[in-house]
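Below, each chain spelled out in residue letters.
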Amino acid sequence: RAGAGRGRPARGARRRCRGDARPQPYIHDLQAAWTHYATARAAMPAAPPAGAQGQVTILLLDATNRLVGDERVAGGPAADMCRAILRRVLHLHAVSMVAVWDGGTFPPTARQMEDAATVMRQVEAHGRLLSTVMHDCIIAGEGSWTSLRREKML
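Keep in mind it's a predicted model, so treat the numbers as computed, not measured.

**A short note on the nonpolar core**
Part 1 of the reasoning: Counting 25 residues, the largest nonpolar core has Met97, Trp101, Met120, Val123 and Leu148 as its most contacted members.
Part 2 of the reasoning: Secondary structure elements with two or more residues in this core: strand S1 (55-61), helix H3 (78-92), strand S3 (96-102), helix H4 (110-129) and strand S4 (133-141).
Part 3 of the reasoning: Contacts of Met97, omitting those with residues within four sequence positions, involve Leu59, Leu60, Ile85, Leu86, Val89, Val123, Thr132, Val133, Met134, His135 and Asp136.
Part 4 of the reasoning: Core analysis: the second largest hydrophobic core is formed by 13 residues, Ala33, Tyr37, Val98 and Trp145 among them.

**Observations regarding the environment of Asn65**
Part 1 of the reasoning: Locating Asn65 in the fold gives a position in the loop between S1 and strand S2 (67-73).
Part 2 of the reasoning: Among the residues examined, Asn65 registers a relative accessible area of 19% and is labelled buried.
Part 3 of the reasoning: In the structure, Asn65 is positioned 36 residues away from Asp29 in sequence and 9.4 Å away in space, judged by C-alpha atoms.
Part 4 of the reasoning: Apart from residues lying up to four places away in sequence, Asn65 is in contact with Pro25, Tyr26, Ile27, Ser96 and His135.

**Re a nonpolar patch on the surface**
Part 1 of the reasoning: Taken together, Leu90, Leu129 and Leu130 make up a surface patch of nonpolar side chains, about 320 Å² in accessible area.
Part 2 of the reasoning: Looking at the element boundaries, Leu90 is found in helix H3.

Cut-offs used in this document
- Residues numbered from 1 in each chain as written.
- Predicted model: local features only at pLDDT ≥ 70, side-chain atom pairs only at ≥ 80, totals over all residues.
- Heavy atoms only, no water.
- Core = buried A, V, L, I, M, F, W, Y, C linked by side-chain atoms within 4.5 Å.
- Buried < 20%, exposed > 50% of the residue type's maximum accessible area, 1.4 Å probe, protein only.
- Helix = DSSP H or I, 4+ residues; strand = E, 2+ residues; numbered from the N terminus.
- Contact = heavy atoms within 4.5 Å.
- Patch = residues over 30% accessible without salt bridge, like charges linked within 9 Å, V, L, I, M, F, W, Y side chains within 5 Å.
- Areas by Shrake-Rupley, 256 points an atom, 1.4 Å probe, with all protein chains shown as cover.
- Salt bridge = Lys/Arg side-chain N within 4 Å of Asp/Glu carboxyl O.

Written out as structure tokens, the structure is:
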């Protein structure tokens, strides 16, 4: 039966390509990333306790800088965090990202900045191999933020 079922794959492909009808935010700069994160965080549980390594949220973006994913990453050793972040990048077909490292306090301590920089340098280096761009890492706490690039640590 030549041609039987030929329409089914095409219908399935069209259905998958339609995607979600809800508009995704456009993250055009760090202020837009911070605004999105702060708004989304208002619905999340409280900030991490003092002395915690920090909560890491990755904002995954497509080629037009539209948000395709906003996910928390479990803390742990730098290699494990890097692996988890890049796994999500691949899964969601993201081409770039902005990370938000929320240490709970502001200004961040030198130790918090170095911990964040260690992980994000690994993500940036390994992400390059996957043609993924790490725009920046925001270090956040108590309603304020700074950037690892601005601090020349990334």
